[in-house]
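# Close look at the chain arrangement
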Amino acid sequence: MEGGAYGAGKAGGAFDPQTFIRQPHTILRMISWIFSIVVFGCIINEGYINRPNESEEFCIFNRNKSACTYGVTVGVLAFLTSVLYLALDVHFPQISSVKDRKKTVLSDIAVSALWAFFWFVGFCFLANQWQASKPEDNLLGEGADAARAAIAFSFFSIFTWGLLAVLRHQHLKEITFQEEYSRLFPPNPQSFP
């Protein structure tokens, strides 16, 4: 008879990095992590410029400080969220309670869907402000590639976080099945030789 904790087939098993890295949600989470670095990195490094006759820097997105602040804030928070849920994914096999597993996956679905929404808002905001930017504010075109990269990776992030929510929803169905199965067929406390 194969041992395992109640409600979670192999809870408490050893961590296998190769299996962990090959999981689709882990790959998507790492991609989302990289995309968030690109967005906030582009804005921090090249998102602020100044005219030759001005000493104060302004945001490259239509001189709108809110656009740069939103892009950096969402990028940094998405980076931290990705790291947090990667750590939670590493710890997930150690969770033996089906209810705790279910809560973890539900929070992952909600957070992933929320970040997909935040990235959608960020993409629309940055693209709108970039389109409204005046050429005379940036005569040399400094930071234009970084601004376009921030917009593009904001767009890509919508899909990675949305797909994460879908994958985690499928995982929730599996956990719910395990919970129902455990309730209908409780483990036999007696072990047979």
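Under an unreviewed UniProt entry, the name given to the protein is Synaptogyrin-1 isoform X2, and the organism recorded is Pelobates cultripes. Under the Sequence similarities (unreviewed entry) heading, UniProt states for the protein: "Belongs to the synaptogyrin family." UniProt's Subcellular location (unreviewed entry) comment on the protein is quoted here verbatim: "Membrane".

## Let's talk about the overall build of the protein
A count of helical and extended segments in the protein gives five helices and two strands. The N-to-C order of helical and strand elements in the protein reads α-α-β-β-α-α-α. By residue count, 36% of the 193 residues in the protein fall in the buried class. Looking at the protein alone, contacts between residues at least 24 apart form 79% of all its contacts between residues at least 6 apart. Total accessible area on the protein is roughly 11,400 Å²; 64% of this is exposed by carbon and sulfur atoms.

## So, the UniProt feature "transmembrane region" (unreviewed entry) in the protein
Feature annotation in UniProt assigns "transmembrane region" (unreviewed entry) to the following positions: residues 30-49, 69-88, 109-130 and 150-167. The straight-line gap between the two end C-alpha atoms of residues 69-88 is 28 Å; of that span, 100% is helix and 0% is strand.

## Some details on the pattern of salt bridges
Throughout the structure, instances matching the rule amount to four salt bridges. Asp108 is paired through a salt bridge with Arg168; the nearest N and O atoms lie 3.0 Å apart. In this pair, Asp108 sits in helix H4 (residues 98-132) while Arg168 sits in helix H5 (residues 144-184), placing the two residues 60 residues apart along the sequence. Judged by relative accessible area, Arg168 falls into the buried class, the value being 4%. Of the charged contacts in the structure, one is a salt bridge between Arg148 and Asp145, with a shortest N-O distance of 3.2 Å. One end of the pair, Arg148, and the other, Asp145, are both in helix H5, three residues apart, so they sit about a helical turn from each other. Look at Arg148 and you get partly exposed, because its relative accessible area is 46%. For Asp145, a relative accessible area of 62% puts it in the exposed group.

## A short note on the environment of Gly143
Looking at the secondary structure, you find Gly143 in the loop between H4 and H5. If sequence neighbours within four positions are ignored, Gly143 has contacts with Glu46 and Ile60.

## A look at a nonpolar patch on the surface
A contiguous nonpolar surface patch, about 360 Å² in accessible area, is contributed by Leu114, Phe117, Phe120 and Val121. Among the structural elements, Leu114 can be located in helix H4. By relative accessible area, which is 41% here, Leu114 ends up partly exposed.

## Quick notes on helix H3 (residues 65-91)
With 27 residues, H3 extends 39 Å between its outermost C-alpha atoms, agreeing within 8% with the 39 Å of an ideal straight helix rising 1.5 Å per residue. Of the positions making up H3, those classed as buried are Ala67, Cys68, Gly71, Val72, Val74, Gly75, Ala78, Thr81, Ser82, Tyr85, Leu86 and Asp89. For H3, the N-terminal capping position is held by Asn64, with its side-chain oxygen 3.0 Å away from the main-chain nitrogen of Ser66.

## Looking at the state of the cysteines
The full count for this structure, using the stated rule, is one disulfide. Each sulfur of the disulfide joining Cys59 and Cys68 lies 1.9 Å from the other. Disulfide Cys59-Cys68: torsion about the S-S bond near 80 degrees, hence right-handed. As far as burial versus exposure is concerned, Cys59 and Cys68 are alike and both buried.

So, how was this worked out
- Residues numbered from 1 in each chain as written.
- Predicted model: local features only at pLDDT ≥ 70, side-chain atom pairs only at ≥ 80, totals over all residues.
- Heavy atoms only, no water.
- UniProt positions renumbered as here; feature names shortened; annotations may be inferred.
- Helix = DSSP H or I, 4+ residues; strand = E, 2+ residues; numbered from the N terminus.
- Buried < 20%, exposed > 50% of the residue type's maximum accessible area, 1.4 Å probe, protein only.
- Contact = heavy atoms within 4.5 Å.
- Areas by Shrake-Rupley, 256 points an atom, 1.4 Å probe, with all protein chains shown as cover.
- Salt bridge = Lys/Arg side-chain N within 4 Å of Asp/Glu carboxyl O.
- Patch = residues over 30% accessible without salt bridge, like charges linked within 9 Å, V, L, I, M, F, W, Y side chains within 5 Å.
- Expected span 1.5 Å × (residues − 1).
- Polar contact = N/O pair within 3.5 Å; in protein donor to acceptor, adjacent residues only side chain to side chain.
- Disulfide = S-S within 2.5 Å.

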